[in-house]
Amino acid sequence: MRKKGSELRFKNFVWLLVAGVINAFGVTMFLFPVKLYDSGISGLSMLLDQVTPPTLSLSVFLVVINIPIFLFGLRRQGLAFTLYSVFAVAVYSVTSYLILYVLPVDVSFVSPLAGSDLLLCAIFGGVVSGVGSGLTIRNGGAIDGIDVLSVTFSKRIGISIGSFVLVFNTILYIVCGLVIRSWILPLYSIVTYFVGSKTVDFIIEGFDSSKCAMIVTTKANELSEALSEKFKASGTIVSAVGGYSKEEKQILYFIVNRFQINRLKTLVQEIDADAFISLQDVTDIIRRPQG
């Protein structure tokens, strides 16, 4: 029997095709022409493209480095993730090759869209490639092997996944600076990395990201009714006991979007001025389909 959630979806492959093309467009039209570096394995591939013979191009390194990493993570990440990721990388590689060597687009010296302005190239290269990376993650894969390496090795060396990626990219940009004997391009590449990571977060979480409100109160039922009427949504009440006072309380778990936070605070304070509110980010809300 096939495990639930492990099946491949045609719609995902369509989105991964779009994501791979977008990522390639961002890298080859903004970063590659002015020798800025992407983050992760993509950035490493760009560096290797510069220091190796012309036959070993960016497209070759994208496949040669990324695919073995995804296969290495097959057991941990699962078959669906691996196939989605390999497909996305293949599209990224092929599209990069077409833009650099086949299509009538001159990306030899300057960006066709941003010219030689390094800041514009760094920003828009990060945004566009970040959109591609974010779409890949939203559809069950990854377009860069650094994601697999971070999940696999971060706990072994005692750091977080985000810290692992940061350390990898820091080392990458230092090596780039030493190889090209200049720090201007690596420093601008840090801008690309920052903008790209924020864009990925935006694509994954969305503009209208949600907040989880944990409301500790003695008037949970009254609050739940008021919030449900105000926001046309339901909360969950959990019994609790105060750690210091030993007083019986309730915790009301309620989801709102960022535009509803102030109204929620005002309503809670009107009903229970002593209530304690804790807000946390929510990246995904998964509901059982109706019917």
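Moving on, we come to the packing of helix 2 (residues 40-51) against helix 3 (residues 58-72). For the pair helix 2 and helix 3, the least separation of the axes is 8 Å and the interaxial angle reads 140°. As judged from the angle between their axes, helix 2 and helix 3 are oblique. Crossing hand, helix 2 versus helix 3: right-handed. Contacts between helix 2 and helix 3 pair Ile 41, Ser 42, Leu 44, Ser 45, Met 46, Leu 48 and Asp 49 from the former with Leu 58, Phe 61, Leu 62, Ile 65, Asn 66 and Ile 69 from the latter. Split into classes, the residues belonging to the contact of helix 2 with helix 3 amount to nine nonpolar, three polar and one charged.

This paragraph deals with the confidence of the model for the chain. When the pLDDT values of the chain are averaged, the result is 89; 93% of them are 70 or greater. Between residues 1-5, whose pLDDT stays under 50, and residues either more than four places distant or in other chains, the model counts one contact.

On to the nonpolar core, then. The biggest cluster of nonpolar side chains holds 45 residues, and the ones touching the most others in it are Leu 36, Tyr 37, Met 46 and Leu 58. Looking at this core, the elements with two or more residues in it are helix 1 (10-31), helix 2, helix 3, helix 5 (79-102), helix 6 (118-138), helix 7 (146-153), helix 8 (161-180) and helix 9 (184-205). With eight residues, the single largest contributor to this core is helix 5. Beyond its immediate chain neighbours, meaning those up to four positions away, Leu 58 contacts Val 27, Phe 32, Ser 42, Ser 45, Met 46, Asp 49, Ser 96 and Leu 100. Judged by nonpolar contacts, the second largest core, of 15 residues, contains Leu 227, Phe 254, Val 256 and Val 268.

Positionally, Thr 152 belongs in helix 7. Owing to a relative accessible area of 8%, Thr 152 belongs among the buried residues under this scheme. Leaving out residues up to four positions away in the same chain, Thr 152 has contacts with Phe 72 and Arg 76.

What follows concerns the pattern of salt bridges. This structure, assessed with the given rule, holds one salt bridge. For Lys 249, the salt bridge is made with Glu 247, and the minimal N-O distance between the two is 3.7 Å. Overall, Lys 249 belongs to the partly exposed group, its relative accessible area being 22%.

So, about helix 6. Over its 21 residues, helix 6 runs 30 Å from end to end, which matches the ideal 30 Å to within 8%, given 1.5 Å per residue. N-cap assignment for helix 6: the residue whose side-chain oxygen lies 3.1 Å from the backbone N of Leu 119 is Asp 117. Following helix 6 by one or two positions, Gly 140 has its phi on the positive side, about 90°.

This part covers the layout of surface pockets. Put simply, the largest pocket is a space of about 720 Å³. If you trace the largest pocket, you find 28 residues lining it, with Ile 137, Ile 146, Asp 147, Val 165 and Val 200 closest to the centre. Contributions of two or more residues to the lining of the largest pocket are made by helix 5, helix 6, helix 7, helix 8 and helix 9. Per element, the largest residue contribution to the lining of the largest pocket is six residues, and it comes from helix 9. For the lining of the largest pocket, a count of residues per class yields eleven nonpolar, 13 polar and four charged.

Turning to the environment of Gln 260, a few remarks are in order. Tracing the sequence through the fold places Gln 260 in the loop between strand 3 (248-257) and helix 11 (261-271). The exposure class of Gln 260 is buried, given its relative accessible area of 17%. Distance from Gln 260 to Lys 230, taken between C-alpha atoms, is 10.0 Å for residues 30 residues apart in sequence.

Cut-offs applied
- Residues numbered from 1 in each chain as written.
- Predicted model: local features only at pLDDT ≥ 70, side-chain atom pairs only at ≥ 80, totals over all residues.
- Heavy atoms only, no water.
- Axes fitted to C-alpha atoms, helices over the stretch in contact; angles between N-to-C directions.
- Helix = DSSP H or I, 4+ residues; strand = E, 2+ residues; numbered from the N terminus.
- Parallel < 35°, antiparallel > 145°, perpendicular 65-115°, else oblique.
- Left-handed = near helix turned anticlockwise from the far one by under 90°.
- Contact = heavy atoms within 4.5 Å.
- Nonpolar A, V, L, I, M, F, W, Y, C, P; charged D, E, K, R; others polar.
- pLDDT = per-residue confidence, 0-100.
- Core = buried A, V, L, I, M, F, W, Y, C linked by side-chain atoms within 4.5 Å.
- Buried < 20%, exposed > 50% of the residue type's maximum accessible area, 1.4 Å probe, protein only.
- Salt bridge = Lys/Arg side-chain N within 4 Å of Asp/Glu carboxyl O.
- Expected span 1.5 Å × (residues − 1).
- Polar contact = N/O pair within 3.5 Å; in protein donor to acceptor, adjacent residues only side chain to side chain.
- 1 Å grid on protein atoms, 1.4 Å probe; cavity = no way out; pocket = protein on both sides within 12 Å on 5 of 7 lines; lining within 4 Å.
- Points joined across faces, edges and corners; volume = space filled by probe spheres on them.

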